[in-house]
Structures are given as structure tokens and as C-alpha cells.
Amino acid sequence: MEITRILVVGSGAMGSQIAMVCALTGLEVSVQDLAEASLEKAQTELRSRMDRSVAKGRIGADERDLAFARITFGTDLPAAAKGADFVIEAAVEKLEVKRELFAELDRLTPEHTILATNSSSFVPSKIADATSRPDRVVNMHFFNPALVMRCVEVVRGPQTSDATVATTVELAERIGKLPVVLDKEIPGFVANRLLNAVRDEAIRLLEGGYASVEAIDTAARTALGHPMGPFELMDLTGIDIGYHTKQARYDETGDPADLPSRSVTEKVERGELGRKTGTGWYDYTEQGDH
Ligand code: 3HC
């Protein structure tokens with residue numbers, strides 16, 4: 001199926017960068033959100049990122065301008081959904097919100113449209129039955145920062161069709177990503193499951209008083225060659241994101257081992273969520289050292 005028009009629902013860090021990745025490769029993109037403020041922030045942040053890319057000579061000014069010209073930002077979901085060939089939902093990680101959104105998208109989009117979710121927590125079968133097209137529901141999971149990270153996990157549920165998987169893989173390749181297909185759904189998919197194992201161990205070491213945040217991050221970077229330590233990475237992706245993912249897993253399993261850790265819960269309660277709030281495991285304010 002020829003994909004030309006993408007609808008991205010949600011204009012947070014993920015949604016906005018996913019939209020730009022698509023626009024940079026010639027696709028027409030509509031970014032829809034409920035909140036005008038979020039749309040404005042998305043545009044300002046994308047603008048400064050892309051200006052930096054131009055300043056560094058990675059892309060030309062005309063390429064940047066053409067990409068922006070291909071993206072429309074708005075709050076009129078019904079109008080945007082009408083023309084979409086492929087939807088990438090990057091809204092809040094709450095199952096009920098996603099199910100309602102998918103039911104609405106099912107009503108609003110043409111019959112051929114594939115409804116993908118960028119969710120890192122919810123597998124296709126949690127969402128697909130809210131629609132009348134479970135064969136065209138799939139996870140298309142990007143990584144933060146989406147403009148940079150090459151992997152995109154394509155997760156099929158029991159009802160996802162081969163054609164949907166093939167189209168999603170083709171789209172990922174077209175936008176310059178490297179698709180990794182999961183043949184069977186599992187919460188956390190591949191990369192986050194690997195990451196969570198490292199993260200859980202890092203927190204165990206910290207809470208047990210074995211080593212500091214800085215020491216653990218340094219070991220991950222210099223002994224294992226990770227580009228960032230697990231705490232630096234939590235600060236990048238948002239400590240609240242990991243917290244909600246764990247909480248959602250616990251709600252599903254009831255296993256206390258899945259609960260968010262004490263130190264992460266404390267950070268979330270204090271509103272210290274990482275780079276976006278200026279403080280997380282490290283301090284990002286001007287006086288800060290990171
Ligand atoms: N948004 C967009 N671009 C960014 C960015 C951001 N937040 N942060 C950095 N970049 C870009 C920079 O512009 C830079 O490009 P340029 O040099 O061409 O201008 C490039 O990335 C490299 O940045 P830096 O030189 O500042 O720093 P690094 O070399 O350390 O790279 C990094 C930054 C790419 C973020 C790298 O540290 C890295 O790969 N970190 C690990 C990221 C990771 O593991 N992501 C997965 C998270 S898990 C996830 O997303 C799951 C989801 O479900 C939550």
C-alpha cells in the first residue's frame with residue numbers, strides 16, 4: 001500500500017520528533033493534540049533542533065524548510081484523520097485513553113488506514129479490540145530521541161495481518177529507521193526489556209548503598225560501552241515514564257517485583273523527572289554539574 005499521509009497523535013517529545021523524521025523523508029504529516037500549548041512547545045523545540053542541524057551542516061536550510069512545510073499542527077482530529085493513510089499514536093501512556101482514541105480513529109479514518117501505537121507498555125491486543133479493524137492495529141515503537149535512534153520495533157498482535165506488518169516495516173525503512181519485528185507480543189518488547197533489566201540492577205546497587213549514581217553510570221559507559229549510563233538515560237527519557245511503565249506492569253501482574261522502586265517513586269513525588277524539569281538523578285540547571 002502506498003503511504004503518503006501520516007497522522008501523528010500527540011505532540012510530546014516522541015510525537016513531535018517522529019513527525020519530523022517522517023517529514024524529512026517527504027511524507028505529509030499532520031500532528032494533532034488536544035493542547036495548543038503542547039503543539040506550540042513542539043514547534044519551538046523542533047525549530048531549534050532543526051536550526052542546529054542546519055548550523056552543523058547536517059541538512060540544508062531548504063531541506064529544513066521543506067520538512068516544516070510538510071507538517072501541519074492542529075487540534076482538529078476529525079479533519080486530520082480523514083486523509084490519513086497511517087496513524088502513529090504517541091499520546092499519554094494510559095490504556096483507557098488509548099482505547100478511546102483508537103475507537104475514535106477507527107470511526108474517523110478511511111478503511112485502509114493502519115492504526116499504529118508508539119506505546120512502550122501496551123501490546124496490540126490490549127488496544128485492537130477497541131476498533132473494528134484489529135488486523136490493521138500494530139505497535140510501531142520508536143526510541144528517544146526519535147530523530148537520532150535508528151531502531152523501530154514493529155510488534156504484531158495475534159490479529160495483526162501480514163500486510164500490516166509489511167507496510168509498517170516498509171514505512172520504518174522509508175523514514176531511515178531499522179525495523180525490528182516481534183513475531184509475538186510481549187510487554188516491553190525487546191529493547192525495553194533489556195534496558196529494564198539493566199535499570200533494575202542499577203537501582204538495586206544504588207538503593208543497597210553499593211555505588212553512587214555517578215559511579216554506576218561511569219561503569220555502564222566505560223566498561224560496557226553504553227552511550228549513556230542508566231541514570232543519565234532515565235533523565236533523558238523522563239523518570240515518570242519509567243515509573244508509569246512499571247506501575248502499568250504491576251497493575252497487570254499484581255507481582256510486587258514489578259512495582260516502581262522506592263527511589264524512583266520519591267523522585268516522581270518530588271517532581272524531579274529528569275532533564276525536562278531541570279533535576280532528576282542529576283542537576284541540569286545552570287548551577288548544576290551535568
Ligand atoms: N533530541 C534530538 N536530538 C538529540 C537529542 C534529543 N533529545 N539529544 C541529542 N541529540 C542529537 C544531537 O543533536 C547530536 O546530533 P549532532 O551532533 O549531529 O547535532 C546527536 O544526537 C548526538 O548528541 P550529542 O553529541 O549531544 O551526545 P551523544 O553523542 O552522547 O548522543 C544520544 C546523544 C544520541 C542521546 C546518545 O547519548 C545515546 O544514544 N544515548 C542512549 C539513548 C537511548 O538509549 N535511547 C533509548 C531510550 S529507551 C526508549 O526510548 C524507550 C521508550 O519506550 C521510552
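Only a predicted model underlies this, so the values are computations on that prediction, with no experimental measurement involved. (Residues numbered from 1 in each chain as written. Predicted model: local features only at pLDDT ≥ 70, side-chain atom pairs only at ≥ 80, totals over all residues. Heavy atoms only, no water.)

A. Local environment of the overall build of the protein chain. Helix and strand counts for the protein chain come out as 12 helices and eight strands. Its C-alpha atoms give the protein chain a radius of gyration of 19 Å, within 12% of the compact-globule value 19 Å for 290 residues. Along the three orthogonal principal directions, the C-alpha set of the protein chain runs to about 55 × 50 × 35 Å. Counting across all 290 residues of the protein chain, residues that qualify as buried make up 47%. Taking contacts inside the protein chain between residues at least 6 apart in sequence as the whole, the part at least 24 apart equals 66%. Computing the positive centroid from 33 side-chain charges and the negative centroid from 45, the protein chain places the two 2 Å apart. (Helix = DSSP H or I, 4+ residues; strand = E, 2+ residues; numbered from the N terminus. Rg over C-alpha atoms; globule rule 2.2 N^0.38 Å. Buried < 20%, exposed > 50% of the residue type's maximum accessible area, 1.4 Å probe, protein only. Contact = heavy atoms within 4.5 Å. Lys, Arg positive; Asp, Glu negative; His and termini not counted. Charge placed at Lys NZ, Arg CZ, Asp CG, Glu CD.)

B. Looking closely at the nonpolar core. In this structure, Ile6, Val29, Phe86, Met140 and Phe142 are the most contacted members of the largest nonpolar core, which totals 35 residues. Of the residues forming this core, the biggest block, seven residues, is contributed by helix α1 (residues 13-24). With residues up to four places along the chain from it excluded, the contact list for Met140 reads Phe86, Ile88, Ala116, Thr117, Asn118, Val152, Glu153, Thr168, Leu171, Ala172 and Ile175. (Core = buried A, V, L, I, M, F, W, Y, C linked by side-chain atoms within 4.5 Å.)

C. Just the sheet that holds strand β5 (residues 114-117), in detail. Read across the sheet, eight strands follow the order β3-β2-β1-β4-β5-β6-β7-β8 without closing on themselves; strand pairing throughout is mixed. Two strands bound the open sheet, and with one partner strand each, they are β3 (71-74) and β8 (178-182). Strand-to-strand twist across the sheet, computed as the mean angle between neighbouring axes with direction ignored, equals 25°. (Pairing = 2+ DSSP bridges. Axes fitted to C-alpha atoms, helices over the stretch in contact; angles between N-to-C directions.)

D. Expanded view of the pattern of salt bridges. Throughout the structure, instances matching the rule amount to 17 salt bridges. Glu252 serves as the salt-bridge partner of Lys126, at 4.0 Å between the closest nitrogen and oxygen. One end of the pair, Lys126, is in helix α6 (residues 124-127); the other, Glu252, is in helix α11 (residues 239-253), and 126 residues separate them in sequence. Given a relative accessible area of 42%, Glu252 falls into the partly exposed group. A cluster of three or more residues bridged by salt bridges with shared partners is formed by Asp51, Arg64 and Asp65. (Salt bridge = Lys/Arg side-chain N within 4 Å of Asp/Glu carboxyl O.)

E. Molecular detail of the site of the ligand. Taken together, 17 residues form the shell around the ligand, and within it Gln17, Lys56, Arg58, His141 and Asn144 come nearest. Contact distances for the ligand include 3.0 Å between an oxygen atom and a side-chain N or O atom of Lys56. Between the ligand and Asn144 there is a distance of 2.8 Å, counted from an oxygen atom to a backbone nitrogen or oxygen. The protein chains hide 68% of the 1000 Å² of surface that the ligand would expose on its own. (Near = heavy atom within 4 Å. Polar contact = N/O pair within 3.5 Å; in protein donor to acceptor, adjacent residues only side chain to side chain. Areas by Shrake-Rupley, 256 points an atom, 1.4 Å probe, with all protein chains shown as cover.)

F. Representation of the pairing of strand β4 (residues 86-89) in the model. Where burial is concerned, the two faces of β4 agree: the one with Phe86 and Ile88 and the one with Val87 and Glu89 are both buried. Both strand β1 (residues 5-9) and β4 contribute to a ladder of four bridges, which runs parallel. Counted as the bridge partner of Val9 is Glu89 from β4. As paired strands, β4 and β5 are joined by four bridges and run parallel to one another. Looking at the pairing, Phe86 lines up with Ile114 of β5. Between β4 and its parallel partner β5, the chain crosses via helix α5 (residues 95-108), and the hand of that crossover is right-handed. (Right-handed = clockwise from strand over helix to strand, strands pointing away.)

G. Spotlight on the packing of aromatic side chains. Throughout the structure, instances matching the rule amount to one aromatic pair. The interplanar angle of 70° and the centroid separation of 4.8 Å between the aromatic rings of Phe231 and Trp281 together place this pair among those described as edge-to-face. Taken together, the residues Phe231 in helix α10 (residues 230-237) and Trp281 in the segment after α12 (262-269) connect sequence positions 50 residues apart. Its relative accessible area of 12% is what places Trp281 among the buried residues. (Phe/Tyr/Trp six-rings, centres within 6.5 Å; stacked < 30°, edge-to-face > 60°.)

H. Main features of the domain arrangement of the protein chain. Split into domains, the protein chain comes out as domain 1 (5-182) and domain 2 (191-277). The gap between the C-alpha centroids of domain 1 and domain 2 is 26 Å. Of the residues lining the interface, nine residues belong to domain 1; the matching set on domain 2 comes to seven residues. Regarding the contact of domain 1 and domain 2, the summed buried area is about 650 Å², with carbon and sulfur atoms giving 56% of it. (Domains from an automatic or database assignment. Buried area = accessible area lost by both parts, 1.4 Å probe.)

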